[in-house]
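Letter by letter, the chains look like this.
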Amino acid sequence: MPTATGRHPLGFGPEDPRPAGRRRGRHAGRRAHPFVEILPFLIIVAAITLDQATPTTITASPLFAAAPLVAAPFFSFVRTFVVGLLSTATIVGLHFVSGAATAVATVTEGLTVFTVSVLALAINGVVRRSGERLASARVIAEAAQRAVLPTPAARIGGLHIAARYEAAEEGAFIGGDLFAVQDTEYGVRLVVGDVRGKGMGAVETVAVIIGAFREAAEQESSLEGVARRLERALTREGTRRTGIDLFEGFTTAVLAEIPHAEGMVRVVNRGHPEPLLLAADGALTALAPGEPALPLGMGDLGAWPDRADEVPYQSGATLLLYTDGLTEARNRAGVFYNPRERLAGRIFPGPDELLDAIVGDVRLHTGGGSTDDMALLAVSRPTERQPERRRTMPVVP
């Protein structure tokens, strides 16, 4: 149902198909548009009509030749062959009907359409092999993502966890955004970050940060100590950089710690967008840092001691951490997406539903396009009697 403002509840408007998993929608497999499925046959029908409605001096052979070329990139080899055979047979048959079967034009036009049909089959083979290579590359990319950026378990340390990675570039699977969750003796520790830059250099830095985080989360007794370990890891990584990355390589990050037996969360923010805390009643709090700090990797510009901010984290609340791909998503009018405005006052059954709603709402806001990757991590502290999966309404405005 629409809200009082006339807008549909977050992520579930009639235009939005409600995503239900990682990278569903933009990166899901696509089929040809139904019109493309019939276009080659429509071209053949148009060619027959033109041939019958015009004098014999006007030839429709270009249209007959175009039909298999249109089919080649979208149809299978067999269907492309059928279209080519149909085009060739039709143009020859029309000449027979007109009584010009022995004319030079019949041989010339029939041979032309036949040659183009053979060329279309060759194009179809090239496209099919390219598609197979692309599919193989995507499988390798997904395997690399699982190795570098594994999806957290749905339940860690008594908390409900959900994560999403939405790549802006079509066909991309991993970039410079990162998240990780680690259950330790000090509590469940989290990190969400955004590496400056793109490409393999950013992916390498992601691997360094996540590796350093997992080690430090187990060994350091304080969240501030984890942040210092990440800073040192990036400093070591910086010695291998060249060019502009040598001077401008940095990573914005937010670290959080949720002790097992305390109703609180500690947060260290290093130049990253503020996490949001959604209470069980829909109230929303932005966790702004008490003292702003530079991103990781910029220690040469100044050193300030990290100080974790502590805030209450009650049962039924959800902590949302995200990268700037969320807040920098724009619509056609250039208006940025505002997660505080869209989430305030809304209640979600769990972290998966929250992230699904956000991803769908961002797509609705941007019209399906985005210019930056987006990583999301949601952590819910269940109530004492809350079942593993609540069966309630997805969104309550």
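To be clear, the structure that these remarks concern was listed above.
Residues numbered from 1 in each chain as written. Predicted model: local features only at pLDDT ≥ 70, side-chain atom pairs only at ≥ 80, totals over all residues. Heavy atoms only, no water.

### So, the packing of aromatic side chains
For step 1, the next point in the chain: Scanning the entire structure with this criterion turns up one aromatic pair.
For step 2, the next point in the chain: Across the ring face of F75, the terminal group of R79 is positioned such that the distance to the ring centre comes to 4.0 Å. (Phe/Tyr/Trp six-rings, centres within 6.5 Å; stacked < 30°, edge-to-face > 60°. Lys NZ or Arg CZ within 6 Å of the ring centre and 35° of its normal.)

### What about the packing of helix 2 (residues 61-71) against helix 3 (residues 77-97)?
For step 1, the next point in the chain: Here helix 2 crosses helix 3 at 170°, and the two axes come no closer than 8 Å. As summarised for this structure, helix 2 and helix 3 are arranged roughly antiparallel, according to the angle between their axes. Of helix 3, the residues touching helix 2 (which contributes S61, F64, A67, P68 and A71) are T80, V83, G84, S87, T90, I91 and L94.
For step 2, the next point in the chain: Grouping the constituent residues of the contact of helix 2 with helix 3 by class yields seven nonpolar, five polar and no charged. (Axes fitted to C-alpha atoms, helices over the stretch in contact; angles between N-to-C directions. Helix = DSSP H or I, 4+ residues; strand = E, 2+ residues; numbered from the N terminus. Parallel < 35°, antiparallel > 145°, perpendicular 65-115°, else oblique. Contact = heavy atoms within 4.5 Å. Nonpolar A, V, L, I, M, F, W, Y, C, P; charged D, E, K, R; others polar.)

### Focus: the pairing of strand 11 (residues 374-380)
For step 1, the next point in the chain: The element strand 11 is largely enclosed, with a buried count of seven among its seven residues.
For step 2, the next point in the chain: Going residue by residue along strand 11, you find M374, L376, A378 and S380 tucked away on one face and A375, L377 and V379 tucked away on the opposite face as well.
For step 3, the next point in the chain: As paired strands, strand 2 (residues 159-166) and strand 11 are joined by seven bridges and run antiparallel to one another. Looking across to strand 11, one finds that H160 is bridged to S380.
For step 4, the next point in the chain: By the bridge criterion, five bridges tie strand 10 (residues 318-322) to strand 11 in an arrangement that is antiparallel. The partner of Y322 across the bridge, within strand 11, is L376. (Buried < 20%, exposed > 50% of the residue type's maximum accessible area, 1.4 Å probe, protein only. Pairing = 2+ DSSP bridges.)

Treat this as a map of the structure, not an account of what it does.
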